[in-house]
Number of protein chains: 2
Amino acid sequence: MDSYTPTARTQVRRLPKRATYDKEQVHAILDEGYICHVGFVVDGQPFVIPTGYVRFGDQLYIHGSSASRMLRSAGQGLDVCVTVTLVDGFVLARSVFHHSMNYRSVVALGKARLVVDVEEKRAALRCFTNHIVKGRWEEARQPNEQELKATSVLALPLEEVSAKVRAGPPIDDEEDYSMPIWAGVVPIRQQAGEPLPDDRILPGIPAVDVRRAALR
Amino acid sequence: MDSYTPTARTQVRRLPKRATYDKEQVHAILDEGYICHVGFVVDGQPFVIPTGYVRFGDQLYIHGSSASRMLRSAGQGLDVCVTVTLVDGFVLARSVFHHSMNYRSVVALGKARLVVDVEEKRAALRCFTNHIVKGRWEEARQPNEQELKATSVLALPLEEVSAKVRAGPPIDDEEDYSMPIWAGVVPIRQQAGEPLPDDRILPGIPAVDVRRAALR
């Protein structure tokens, strides 16, 4: 796979050695996450809204949110920034100054469009649902026409994209390595707990296997 | 404690029953998280950058990032949207349409200022460090003047703030409750793994107790 071409807007200037434009790595980060933060502008004021998403080929499908209301009036498409962040650990250095986090993040810029074609929307929602819990679309009651209409999906082509990754141990100033201070990484991960069945569930239905759930 | 006053910009219009402006609840969400997504605008284009933060009284201190470069030129303060999102679980309904997530999020709007006073910056960084790992500021080598200068901290007064919370089981359409489909919540939580000591750590230094680490 190839790379995204950095633009003036996606060229990482702060700590550029952490930047990557490699498509495979960008897609891997996007496929591990499931919550994005969508930024858009109304009357000069930025808004940042959390919502679900899924990558499908070279597009991000973003679950309808406040942004879709803006989009309806935008017509041509809405300038957005979609950011996905996975936190991997706390990096504890000997000096406070070199404390950091291990993380992987993707920033995608572009014009989002509202998905209006019913079949595209259905396909996007299928990806979206199965991204959260594998196979869930096939076992749940699928949306009817009215429900499809009531669900907003935005599509953002992945064109102007950058990723930033920090991994590995702390990097201290040479003279600090002799200090008697613990240093290293505290790994952070997500975990699914025991499923809590709904009160009105029919008897004899096995609980969902949590290994099917996305864990980021 | 009282409430934030909703403005035209923070009044939650989509699913307003999930909204809250209660200060205590807003602060509890902010104090549980440690990563925020900062939105700002450059030449009409929104940017959303993940970074660390801590709440201190009625201010958010945000760790220096790309936004601080923007801020230096902004002079008067930079219009930002700071969003913090905690995901609590996947909500699996009988119908795809009613699938959801349990989450708690805060959106804070306002003008961020660059912290220039050295003592304010030091106090903010102390809060920031101890928010990630309790007591870390006191055991690590604290920043010298040069390091303090090299660290950017933004401050955002908490004035125009809203929160959204979804909790509890799925809510299905009445006629779907008779379907033989598992429904309920898969709880999601963060967990700290075994600390990984740095290769060059001095012998005999006990590892950091992960119970001191923030877990969101």
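Model, not experiment: these values are computed from the prediction.

## Some points on the overall build of chain A
Of the regular secondary structure elements, chain A holds five helices and ten strands. The principal-axis extent of the C-alpha atoms belonging to chain A is close to 65 × 50 × 35 Å. Across the 216 residues in chain A, those meeting the buried criterion constitute 44%. Intrachain contacts of chain A at a sequence separation of at least 6 include 70% that bridge at least 24 residues.

## Focus on the interface of chain B and chain A
At the interface, 78 residues of chain B touch 77 residues of chain A. Residue assignment for the side of chain B that touches chain A shows that the elements contributing at least two residues are strand 2 (35–42), strand 3 (45–56), strand 5 (78–92), strand 6 (100–114), helix 3 (118–132), helix 4 (136–139), strand 9 (184–192) and strand 10 (196–197) of chain B. At nine residues, strand 9 of chain B tops the list of elements feeding residues into the side of chain B that touches chain A. A breakdown of the residues in the side of chain B that touches chain A according to their chemical character gives 46 nonpolar, 19 polar and 13 charged. Bridge count for strand 10 (residues 196–197) of chain A against strand 9 of chain B is two bridges, and the pairing is antiparallel. In the sheet register, Pro197 of chain A faces strand 9 of chain B, and the bridge partner there is Gly184 of chain B.

## Structural notes on the environment of Ile49 of chain A
Residues and elements named next belong to chain A. Structurally, Ile49 is set in strand 3 (residues 45–56). In this structure Ile49 comes out as buried when scored by C-beta crowding, with 24 C-beta atoms within 10 Å. Sequence separation between Ile49 and Glu160 is 111 residues, and the spatial gap between their C-alpha atoms is 20 Å.

## Digging into the relation of the copies chain B and chain A
The two copies are related by a screw operation: chain B maps onto chain A through 180 degrees of rotation and 0.0 Å of translation along the axis, at an RMSD of 0.0 Å. Those values place the two copies in the arrangement expected of a two-fold rotation axis. Residues of chain B ranked by C-alpha distance from the rotation axis are headed by Gln190 of chain B, positioned 2.2 Å from it. Looking at the interface residues of chain B, 99% of them are also at the interface in chain A, so both copies use one shared face.

## What to know about helix 3 (residues 118–132) of chain A
Compared with an ideal rise of 1.5 Å per residue, which puts 15 residues at 21 Å, helix 3 of chain A spans 21 Å between its outermost C-alpha atoms and is within 8% of the ideal. Listing the buried residues of helix 3 of chain A in full gives Lys121, Ala124, Leu125, Phe128, Thr129, His131 and Ile132 of chain A. Across the axial projection of helix 3 of chain A, the buried residues extend over an arc of 155 degrees, all falling on one side. Its buried side turned inward, helix 3 of chain A meets strand 3, strand 4 (59–63), helix 4 (136–139), helix 5 (145–150) and strand 7 (153–157) of chain A together with strand 5 of chain B.

## Some points on the environment of Ser105 of chain B
Residues and elements named next belong to chain B. Secondary-structure assignment places Ser105 in strand 6. Overall, Ser105 belongs to the buried group, with 22 C-beta atoms counted inside 10 Å. The spacing of Ser105 and Val26 is 79 residues in sequence and 8.4 Å in space, taken between C-alpha atoms.

## What about the environment of Leu154 of chain B?
Residues and elements named next belong to chain B. Mapped onto the elements of the fold, Leu154 is located in strand 7 (residues 153–157). Using a count of 27 C-beta atoms within 10 Å as the deciding quantity, one classes Leu154 as buried. Note: C-alpha distance between Leu154 and Ala213 (59 residues apart in sequence) is 23 Å.

## Re the pairing of strand 4 (residues 59–63) of chain B
All names here are of chain B. Burial within strand 4 is extensive, with four of its five residues counted as buried. Where strand 3 lies against strand 4, four bridges are found, and the strand directions are antiparallel. Bridged to Tyr53 within strand 4 is Ile62. Linking strand 3 back to strand 4 in an antiparallel pair, the connection comprises two residues, with Gly57 at a positive phi of about 60 degrees. The pairing of strand 4 with strand 7 spans five bridges and is antiparallel. Directly across from Tyr61, in strand 7, lies its bridge partner Ala155.

## Quick look at the nonpolar core
Ile62 and Phe90 of chain A together with Ile62 and Phe90 of chain B are the most contacted members of the largest nonpolar core, which totals 118 residues. Other than its neighbours up to four places away in sequence, Phe90 of chain B contacts Ile132, Val133 and Ala213 of chain A together with Met101, Val185, Val186 and Ile188 of chain B.

## Here we look at helix 1 (residues 23–32) of chain B
All names here are of chain B. Where helix 1 is concerned, the buried positions are Val26, Ile29 and Leu30. Angular distribution of buried residues about the axis of helix 1 spans 95 degrees; they occupy a single face of the element. In this structure, the buried residues of helix 1 make contact with strand 3, strand 5, strand 6 and strand 8 (160–166).

The rules behind each value
Residues numbered from 1 in each chain as written. Chains lettered and ligands numbered in written order. Predicted model: local features only at pLDDT ≥ 70, side-chain atom pairs only at ≥ 80, totals over all residues. Helix = DSSP H or I, 4+ residues; strand = E, 2+ residues; numbered from the N terminus. Buried ≥ 20, exposed ≤ 12 C-beta atoms within 10 Å, placed from the backbone. Contact = placed C-beta atoms within 7 Å. Nonpolar A, V, L, I, M, F, W, Y, C, P; charged D, E, K, R; others polar. Pairing = 2+ DSSP bridges. Least-squares fit on C-alpha atoms with pLDDT ≥ 70 in both. Expected span 1.5 Å × (residues − 1). Arc of directions from axis to C-beta. Core = buried A, V, L, I, M, F, W, Y, C linked by C-beta atoms within 7 Å.

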